[in-house]
Amino acid sequence: MRHRPPNINRWKGENKIEKKITLSVIKADVGGFVGHSGVHPELVKKACEELDASPLLIDHHVTYVGDDINLILTHELGCNNEDIRRLARNILSACTEVAKKLKLCGAGQDLLSDAFAGNIKGLGPGVAEMEIEERKSETVIILMADKTGAGAWNLPLYKIFADPFNTTGLIIDPNMHCGFNFEVYDLVEKKKINFAAPEEIYDMLVFIGAPGRFVIKHVYHRGTGEIAAVSSAQPLYRVAGRYVGKDDPVCIVRCQTGYPSLGEVLEAFSHPHLVAGWLRGSHIGPLLPVEVKDAHPVRFDGPPRVIALGFQLAGGKLVGPQDMFADPAFDNARQVALDIADYMRRMGPFEPHRLHLDEMEYTTMPQVMRKLKDRFIDLPEDRETGT
Ligand code: 13P
Ligand code: MG
Ligand code: MG
């Protein structure tokens, strides 16, 4: 176990010694109940028991969205810590054993290379984590989604941290008026780039408007340089000539006092935007904001959905959660999402409801093409153009 020396609290130039707290959200699909719609209570129980027994953590909370189990952990070991990663992997492996016993759907999907994944195989758990000096009051929201990819956070993160029509604080809060820096990953070329908002939003939107490839990883406060948000975006892997990536992403957002207010973060989900994922990871659909009790995507294995849990951190203790979308004020957003889902579903296997050929997680095109190749005959030449 590697312990870090305590850091000096720089927030107000005070001379007191303050420990840094790390908030890690580590998630995986280790088996669906039923199908790819939910997490079996035995898996949640197993994860809680294992976490209770760990001496590494300050606190933890286990939740789920769809068939993804999410471990929310606080500790003092920093980001990318081997012990924390090993702990999470061991717990998710223990949950996989339970899932195998219960013969759950795609048991070990994200951990085992031989598990039926439905879309992506064995790429390991998804992770979003930030190391922070707790403010006097440290409000965080953890966003968790199922049936979509990390690019699903691009539009809401842009709205939260760069759009004054969503976030009035960008205009009227003196601690936010300086704007935010966005770190964007190119998941294909495995590169990253920083954009300063508001000056560079036109350049940035060229990239983040293509969320299948360019994904917001971190957002930083421009005044303090402190972390404001982190997503679970990770580079894509090239498997059998195709790019595949971890799906069903998470994102941590800090709120209040120099950051967007809780309401400004959640407001970004009041207009359900279209995301890639849904059934077989191969369709476009609306991102439906739901409370945890409704986090079971069943209609056509969807529509893709997002939950938001709010916590106050107190010395690393997770005070909460509050289920942020358990609010009738989101009923209209839900209705809009359901209407969009109806509209999109009527297109059946046609693009743009079904993803473009290049973006499909898997396809029968090569086999069908091979079978029918002799039946394709050349078109006659066009006499007018010579083509
Ligand atoms: P998950 O990625 O949530 O397991 O969904 C797989 C799928 O194919 C659903 O139709
Ligand atoms: Mg699954
Ligand atoms: Mg899932």
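As the structure is a prediction and not an experimental result, all values here were calculated from the model.

Right, let's get into the UniProt feature "active site" (unreviewed entry) in the protein. In this structure's numbering, the residues bearing the UniProt feature "active site" (unreviewed entry) are D29, Y243 and K246. Following the sequence through the fold, D29 ends up in the loop between strand 3 (21-28) and helix 1 (41-52). The exposure class assigned to D29 is buried, which follows from its relative accessible area of 1%. Apart from residues lying up to four places away in sequence, D29 is in contact with H36, D67, D68, G108, Q109 and D110. In terms of polar contacts, D29 uses its side chain to reach the backbone amide nitrogen of G31, at 3.0 Å. Mapped onto the elements of the fold, Y243 is located in strand 13 (residues 242-244). Accessibility expressed as a relative area gives 39% for Y243, which makes it partly exposed.

Not every one of the twelve residues close to ligand 1 is listed here, only the nearest: Q109, K147, D247, R280 and D301. D67 is positioned with one of its side-chain polar atoms (N or O) 2.9 Å from an oxygen atom of ligand 1. Contacts to ligand 1 include D247, whose side-chain N or O atom sits 2.8 Å from an oxygen atom. About the coverage of ligand 1: the protein hides 97% of its 300 Å² of free accessible area. Of the residues in the shell around ligand 1, the class split is one nonpolar, three polar and eight charged.

This part takes up the coordination of the magnesium ion (ligand 2). Distances from the magnesium ion (ligand 2) to its protein donors, namely D29 (OD), H36 (ND1) and D67 (OD), fall within the range 2.0 to 2.1 Å. For the magnesium ion (ligand 2), the single-chain donor residues occur in sequence as D-x6-H-x30-D.

Calculation rules
Residues numbered from 1 in each chain as written. Chains lettered and ligands numbered in written order. Predicted model: local features only at pLDDT ≥ 70, side-chain atom pairs only at ≥ 80, totals over all residues. Heavy atoms only, no water. UniProt positions renumbered as here; feature names shortened; annotations may be inferred. Helix = DSSP H or I, 4+ residues; strand = E, 2+ residues; numbered from the N terminus. Buried < 20%, exposed > 50% of the residue type's maximum accessible area, 1.4 Å probe, protein only. Contact = heavy atoms within 4.5 Å. Polar contact = N/O pair within 3.5 Å; in protein donor to acceptor, adjacent residues only side chain to side chain. Near = heavy atom within 4 Å. Areas by Shrake-Rupley, 256 points an atom, 1.4 Å probe, with all protein chains shown as cover. Nonpolar A, V, L, I, M, F, W, Y, C, P; charged D, E, K, R; others polar. Donors = N, O, S within 2.8 Å, 3.2 Å for Na, K, Ca; no water.

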